[in-house]
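The primary structure of each chain is shown beneath.
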Amino acid sequence: MKHENVQPTGSFKVRNGLATVTALGAAERAAGIVGASTGNHGLGLAFAGRQLGVPVTICVPLGNNPEKNAALRAWGALVVEGGADYDEAVAVAQGLVESEGRTLAHSTNNPHVLSGAGTMSLELLEQAPRLDTLIIAIGGGSQAVGAITVARALRPGLRVIGVQAAGASAAHDGWHAGAPRRTERAATFAEGVATRSTYELTFPTLLEGLAGFITVTDAEIADAVRLILSSTHHLVEGAGAMGVAAARKLAPELQGQTVGVIFCGANMDSAVLRRILNREM
């Protein structure tokens, strides 16, 4: 597979990667960077590394989406498979930082990633300045923190609502409890949000800035994927469909409002897509 034929990822993930890599010093660039990802964050880093000549290693969980793994390799990243899920892949990445002297490019606990994530909401408000509510899927929370930050500066009345997968609900549970939470498992096919922890750079802002936070089941996410595909002809992965799933669930309270949702992530595993289209999930 040639890298020219691979969609790197959503534009804000590319900007996240570029912001992270360009912030490195000369010695850090030479040593290379390492990140943990189920795909999309890693694709942004791989794209940036290829453009800027910086070696990139991405640690992915065992059994990760094979098409995302192939795309990472196509963009020149070294893919290291280890750990049962994203959180364990972070530990693998941290081990490489300690043993090889690379710089960790965390997908959430990184101010450059957060600034890149904010550009998405900035552009959205430029195009749709009358939004009343913006619904954003949350794994680590970088997109939502970006939206909250932009809304505070440009549209203080904008309500930002978070949505998390019911099987990976650490941030949701922590938000409702008012304190960080960690879950034992991240059980969802939406690997882009399959996290088990809250994170120090995002959780305080989520706690203070979200107007609401709900969960959706995998069945509701799959139904949203089908709806988006049939009505807009866009193929989105599970994480990218969660805003629509949440909007459907919140429809009664959203009546009369102008609502924005994010289609972020189109790297759907073909085997999972077949199951969704066959209504097996």
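We now turn to the structure provided with this report. Residue positions within a chain follow its written sequence, with the count starting from 1. The predicted origin of the model limits local features to residues at a pLDDT of at least 70 and limits the giving and counting of side-chain atom pairs to 80 or more, whereas totals for whole chains, interfaces and linings rest on all residues. The basis for every side-chain value is the complete set of non-hydrogen atoms in the structure, without hydrogens or water.

**Comments concerning helix α10 (residues 218-232)**
At step 1: We count a stretch as a helix when DSSP gives it H or I for four or more residues in a row; a strand needs E for two or more, and each element gets its number in order from the N terminus. Here the expected span of a helix is defined as 1.5 Å times the quantity of residues minus one. If you check α10, its first and last C-alpha atoms are 21 Å apart, about what 15 residues at 1.5 Å a residue would give, namely 21 Å.
At step 2: Along α10, the residues classified as buried are Ile221, Ala222, Ala224, Val225, Arg226 and Ile228.
At step 3: Here, two residues are considered to be in contact whenever any of their heavy atoms come within 4.5 Å of each other. Those residues of α10 hidden inside the fold are in contact with β6 (159-165), β7 (212-216), α11 (238-249) and α13 (270-277).
At step 4: Positioned one or two residues after α10, His233 has a phi angle of 65°, which is positive. Here's how the labels work: a residue is buried when its accessible area is under 20% of the maximum for its type, exposed when over 50%, partly exposed in between, all with a 1.4 Å probe on protein chains only.

**Examining the packing of aromatic side chains**
At step 1: A pair of Phe, Tyr and Trp rings is counted when the ring centres sit within 6.5 Å of each other, with Trp represented by its six-membered ring. The angle between the planes then sorts it: under 30 degrees is stacked, over 60 is edge-to-face, the rest tilted. Inspection of every chain in the model, using the stated rule, returns 2 aromatic pairs.
At step 2: Relative to Trp75, the ring of Phe47 has its centre 5.1 Å away and its plane inclined at 70°; by these criteria the two rings are edge-to-face. Of the two residues, Phe47 sits in helix α3 (residues 40-52) while Trp75 sits in the loop between α4 (66-74) and β3 (78-81), which places them 28 residues apart along the sequence. The exposure classification of Phe47 matches that of Trp75, with both residues buried.
At step 3: Summarising the aromatic geometry, the rings of Trp175 and Phe213 are spaced 6.1 Å apart at their centres and angled 65° between planes, so their arrangement reads as edge-to-face.

**Quick notes on unusual backbone geometry**
At step 1: Located in the positive-phi region is His233, a residue other than glycine, with phi close to 65°.
At step 2: Phi is positive for Arg279, which is not a glycine, with a value near 55°.
At step 3: Relative to the elements of secondary structure, Arg279 occurs in the segment after α13.

**A word on helix α7 (residues 142-154)**
Each turn of an α-helix holds 3.6 residues, which means side chains three or four residues apart point in the same direction.
At step 1: Over its 13 residues, α7 runs 18 Å from end to end, which matches the ideal 18 Å to within 8%, given 1.5 Å per residue.
At step 2: Taken together, the buried positions of α7 are Ser142, Gln143, Ala144, Val145, Gly146, Ala147, Ile148, Val150 and Ala151.

**Observations regarding the sheet that holds β3**
At step 1: Sheet architecture is open: 4 strands sit in the order β3-β2-β1-β4, paired in parallel fashion. The two strands at the open ends of the sheet, each matched to only one other strand, are β3 and β4 (103-104).
At step 2: Think of it this way: DSSP has to see at least two bridges between two strands before they count as a pair. As paired elements, strand β1 (residues 33-36) and β4 share 2 bridges and run parallel to each other. Bridge pairing in β4 places Ile33 opposite Thr103.
At step 3: Inter-axis angles, ranging from 0 to 180 degrees, are taken between N-to-C directions of lines fitted to C-alpha atoms, where helices are fitted over the stretch in contact. Where α3 meets the sheet, its contacts fall on β1 and β2 (56-60), and the angle it forms with β2 comes to roughly 170°.

**What about the environment of Pro204?**
At step 1: The topology assignment puts Pro204 in helix α9 (residues 203-209).
At step 2: Judged by relative accessible area, which is 48%, Pro204 ranks as partly exposed.

**Some words on the packing of α10 against α11**
At step 1: Two elements in contact, α10 and α11, have axes separated by 8 Å at closest approach and are oriented at 100°. If you check the angle between α10 and α11, you find them roughly perpendicular. Here Glu220, Ile221, Asp223, Ala224, Val225, Leu227 and Ile228 of α10 lie close against α11, whose contacting residues are Gly238, Ala241, Met242, Val244, Ala245, Arg248 and Lys249.
At step 2: When residues are sorted by character, Ala, Val, Leu, Ile, Met, Phe, Trp, Tyr, Cys and Pro go into the nonpolar class, Asp, Glu, Lys and Arg into the charged class, and all the rest, Gly among them, into the polar class. Considered class by class, the residues forming the contact of α10 with α11 number 9 nonpolar, 1 polar and 4 charged. Each angle gets one of four labels, with under 35 degrees taken as roughly parallel, over 145 as roughly antiparallel, 65 to 115 as roughly perpendicular, and the rest as oblique.

**Focus: the side chain of Arg102**
At step 1: Tracing the backbone shows Arg102 in the loop between α5 (86-100) and β4.
At step 2: A polar atom in the side chain of Arg102 sits 2.5 Å from the side chain of Thr57.
At step 3: Any pair of nitrogen or oxygen atoms within 3.5 Å is treated as a polar contact; in protein, a donor-acceptor pairing is required on top of that, and neighbouring residues in sequence qualify only through side-chain atoms on both sides. A distance of 2.9 Å separates polar atoms of two side chains, one belonging to Arg102 and the other to Glu100.
At step 4: Among all residues touching Arg102, those that are not within four sequence positions of it are Ala31, Gly32, Ile33, Val34, Thr57, Leu96 and Val97.

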